[in-house]
Amino acid sequence: MSQFEKKFGKYAIRNLSVVLVCCYAIGYVLQFIVPWIAIYLSLDPYAILHGQVWRLVTWILIPPDDFNIFLTLLMLYFYCSIGTTLERTWGTYRYNVYIFSGMLYTVIGSFLMMGCSYLFMKEEMISTGGAELFFRAGSLYFSTFYINMSIFLAFAATFPDVSVLLMFIIPIKVKWLGVIYAVMLLFSFLQGGFFAKFVILSSLFNFIVFFFTSRNMMHLNPKQIHRRQEFKRDIRRNTNGITKHKCAICGRTEVDSPEMQFRFCSKCDGNYEYCEEHLYTHTHIKSKGNF
């Protein structure tokens, strides 16, 4: 992953959560102007294979279906906040990989759904008026709703002891909310129909991969984040132009990236310093004889 990051890290989109919220805003405006526009923006694999390739991207514009504008804005603000926190903790590149892999798995899941439909759902296709109408109805299930859920689950896995106010009153640790969400998703998967199973599994597959491959990045706490923010302020006070910090992975210094923060790794043998994007993702360096 570090080799890929060196090559493609510069293309990572900063503040990706804000970009997604802006996409939702565009989607709301389009739906307000043209209420039936979602039919031509949704992730419909049948239509894609028949030339409507824009659907590979435009389905991201479809916002959460909620008629309560206050709850919708509150939800979007919440996901934007936790997404920004994850980006600052993991690094922009890793957070981009997480979000875009969720979108990619969703697209792949839609085509797998189509293939399984031809194998096992032929009678249902005929009863609904043919494959085109069948997949048009199923495409409306595919949205970024479960990708947003994967952001929350990743936040709960990374910051399990952070407390939030449930209903603005009851303090509860986010790990228990994560457990509740996971149980609800499992119930929805078991009780859901043919389309729902594909949507849930494909949209959350990025979290499944994250959970089993990134446990060394979990269990951070607010004190660590606070120390990192204090370190950033110290870097900003450095005005003499002398380089004091250098990342052992990418070689960036505070001169190259004034907003970047650097920390020494306590688990590495030796004085190895890393930037914020590699502090939690690098392979620890051990001297011979230490295990």
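The rules behind each value
- Position labels on residues start from 1 in each chain and follow its written sequence.
- Predicted model: local features are reported for residues with pLDDT of at least 70 only, side-chain atom pairs are reported and counted for 80 or more only, and whole-chain, interface and lining totals are derived from all residues.
- Where side-chain values are given, they derive from all heavy atoms of the structure, hydrogens and water being excluded.
- For patches, a residue must show more than 30% relative accessible area and have no salt bridge; joins then use 9 Å for like charges and 5 Å for nonpolar side chains, namely Val, Leu, Ile, Met, Phe, Trp and Tyr.
- For accessible areas, the Shrake-Rupley method is used with a probe of radius 1.4 Å. Any residue's cover is judged against the shown protein chains and nothing else.
- The term salt bridge refers to a pairing of a side-chain nitrogen on Lys or Arg with a carboxyl oxygen on Asp or Glu at a separation within 4 Å.
- Residue exposure (1.4 Å probe, protein chains only): buried if accessible area is under 20% of the type maximum, exposed if over 50%, otherwise partly exposed.
- Secondary structure follows DSSP: runs of H or I at least 4 residues long count as helices, runs of E at least 2 residues long count as strands, and numbering of each begins at the N terminus.
- We define a polar contact as two N or O atoms separated by no more than 3.5 Å, with the added condition that, inside protein, one atom must be a possible hydrogen donor and the other a possible acceptor, whereas residues neighbouring each other in sequence contribute only through side-chain atom pairs.
- In this analysis, two residues are considered to be in contact whenever any of their non-hydrogen atoms come within 4.5 Å of each other.
- Put plainly, a pocket is an open set of points on a 1 Å grid over the protein atoms alone with protein on both sides within 12 Å along at least five of seven lines, a cavity is a set where a 1.4 Å probe fits but cannot get out, and a lining residue has an atom within 4 Å of a point.
- Grid points are joined across faces, edges and corners, and a volume is the space filled by probe spheres set on the points.
- Each residue is assigned to one class: nonpolar for Ala, Val, Leu, Ile, Met, Phe, Trp, Tyr, Cys and Pro, charged for Asp, Glu, Lys and Arg, and polar for all the others, Gly among them.
- Every axis in this analysis is a line fitted to C-alpha atoms, fitted for helices over the stretch in contact. Angles between the N-to-C directions lie between 0 and 180 degrees.
- The predictor's confidence in any single residue is recorded as pLDDT, a number from 0 to 100.
- Expected helix span is computed as 1.5 Å times (number of residues minus one).
- When we speak of the arc, we mean the arc of directions from the helix axis to the C-beta atoms.

A.B. asks: Please explain a nonpolar patch on the surface as it appears in this structure.
C.D. replies: Where nonpolar side chains cluster on the molecular surface, the patch consists of Leu201, Phe205, Ile208, Val209 and Phe212 and spans about 440 Å² of accessible area. Classification of Phe212 by relative accessible area gives exposed; the value is 59%.

A.B. asks: Got a minute to help me understand the side chain of Thr144 in this structure?
C.D. replies: With respect to the helices, strands and loops of the structure, Thr144 is situated in the loop between helix H9 (131-139) and helix H10 (145-158). For Thr144, a relative accessible area of 4% puts it in the buried group. At 2.4 Å, the side chain of Thr144 and the side chain of Tyr24 are in polar contact. Not counting chain neighbours up to four residues away, the residues in contact with Thr144 comprise Tyr24, Trp59, Ile60 and Ile62.

A.B. asks: Honestly, unusual backbone geometry in this entry has me stumped. Any pointers?
C.D. replies: Peptide bonds are, in most cases, trans, and in most cases residues other than glycine have a negative phi. Phi at Asn15 is positive, roughly 55 degrees, even though this residue is not glycine. Turning to its location among the elements, Asn15 is positioned in the loop between helix H1 (2-8) and helix H2 (16-33). We classify Asn15 as partly exposed; its relative accessible area is 43%.

A.B. asks: Can you walk me through empty space enclosed by the protein in this structure?
C.D. replies: If you roll a probe as big as a water molecule over the atoms, it shows you where there is empty space left. Scanning the entire structure with this criterion turns up 1 cavity of 30 Å³ or more. Volume-wise, the largest cavity comes out at about 70 Å³. Around the largest cavity sit Ser17, Leu20, Val21, Tyr24, Leu76, Tyr79, Cys80, Asn148 and Ile151, which together line it. Counting residues per element, the ones that place at least two in the lining of the largest cavity are H2, helix H6 (69-90) and H10. Examining the composition of the lining of the largest cavity, we find that 4 residues originate from one element, H2, more than from any other. Class assignment of the residues belonging to the lining of the largest cavity gives a composition of 7 nonpolar, 2 polar and no charged.

A.B. asks: Please clarify how the pattern of salt bridges should be interpreted in this entry.
C.D. replies: Pairs can form between side chains of opposite charge once their charged atoms are near each other. The full count for this structure, using the stated rule, is 3 salt bridges. For Lys175, the salt bridge identified is with Asp161, shortest N-O distance 3.6 Å. Taken together, the positions of Lys175 in helix H11 (residues 174-191) and Asp161 in the loop between H10 and strand S1 (163-166) put the pair 14 residues apart, joining distant regions of the chain. Owing to a relative accessible area of 31%, Lys175 belongs among the partly exposed residues under this scheme. Three or more residues joined by partner-sharing salt bridges are found here, namely Asp161, Lys173 and Lys175.

A.B. asks: Would you explain the packing of H11 against helix H12 (residues 194-203) in this entry?
C.D. replies: When two helices pack together, their arrangement is given by the angle between the helix axes and the distance between those axes. The interhelical angle for the contact between H11 and H12, taken along N-to-C directions, is 145 degrees, at an axis separation of 8 Å. For the pair H11 and H12, the contacting residues are Leu185, Ser188, Phe189 and Leu190 in the first and Lys197, Ile200 and Leu201 in the second. Each residue belonging to the contact of H11 with H12 can be placed in one class, and the counts come to 5 nonpolar, 1 polar and 1 charged.

A.B. asks: For this particular structure, what's the right way to read the confidence of the model for the protein chain?
C.D. replies: Caution applies to low-pLDDT parts of the model: their predicted coordinates are not meant to be read in detail. Summary statistics for the protein chain give a mean pLDDT of 80 and a share of 85% for residues scoring 70 or more. Per-residue pLDDT, averaged within each element of the protein chain, yields its smallest value for helix H14 (residues 222-236) (55) and its largest for helix H5 (residues 55-58) (92). Note on residues 217-222: pLDDT is under 50 here. Beyond four places in sequence and across chains, it has 18 contacts.

A.B. asks: Explanation requested: H11 in the structure shown.
C.D. replies: An α-helical turn contains 3.6 residues, so a residue and the one three or four places further along point in the same direction. Taking 1.5 Å of rise per residue, the 18 residues of H11 would be expected to cover 26 Å, and the 25 Å separating its terminal C-alpha atoms lies within 8% of that figure. Considered for burial, the residues of H11 that qualify are Val174, Leu177, Gly178 and Leu185. Along the axis of H11, the buried residues cluster in a sector spanning 100 degrees; they form a single face. In H11, those exposed residues whose orientation departs by more than 90 degrees from the buried face are Val183, Phe187, Leu190 and Gln191.

A.B. asks: What is the right way to look at helix H13 (residues 205-213) in this model?
C.D. replies: All of the buried residues in H13 are Asn206, Phe207 and Phe210. Buried residues of H13 fall within an arc of 95 degrees about the axis and therefore sit on the same side. Residues of H13 that are exposed and angled more than 90 degrees away from the buried face: Phe212 and Thr213.

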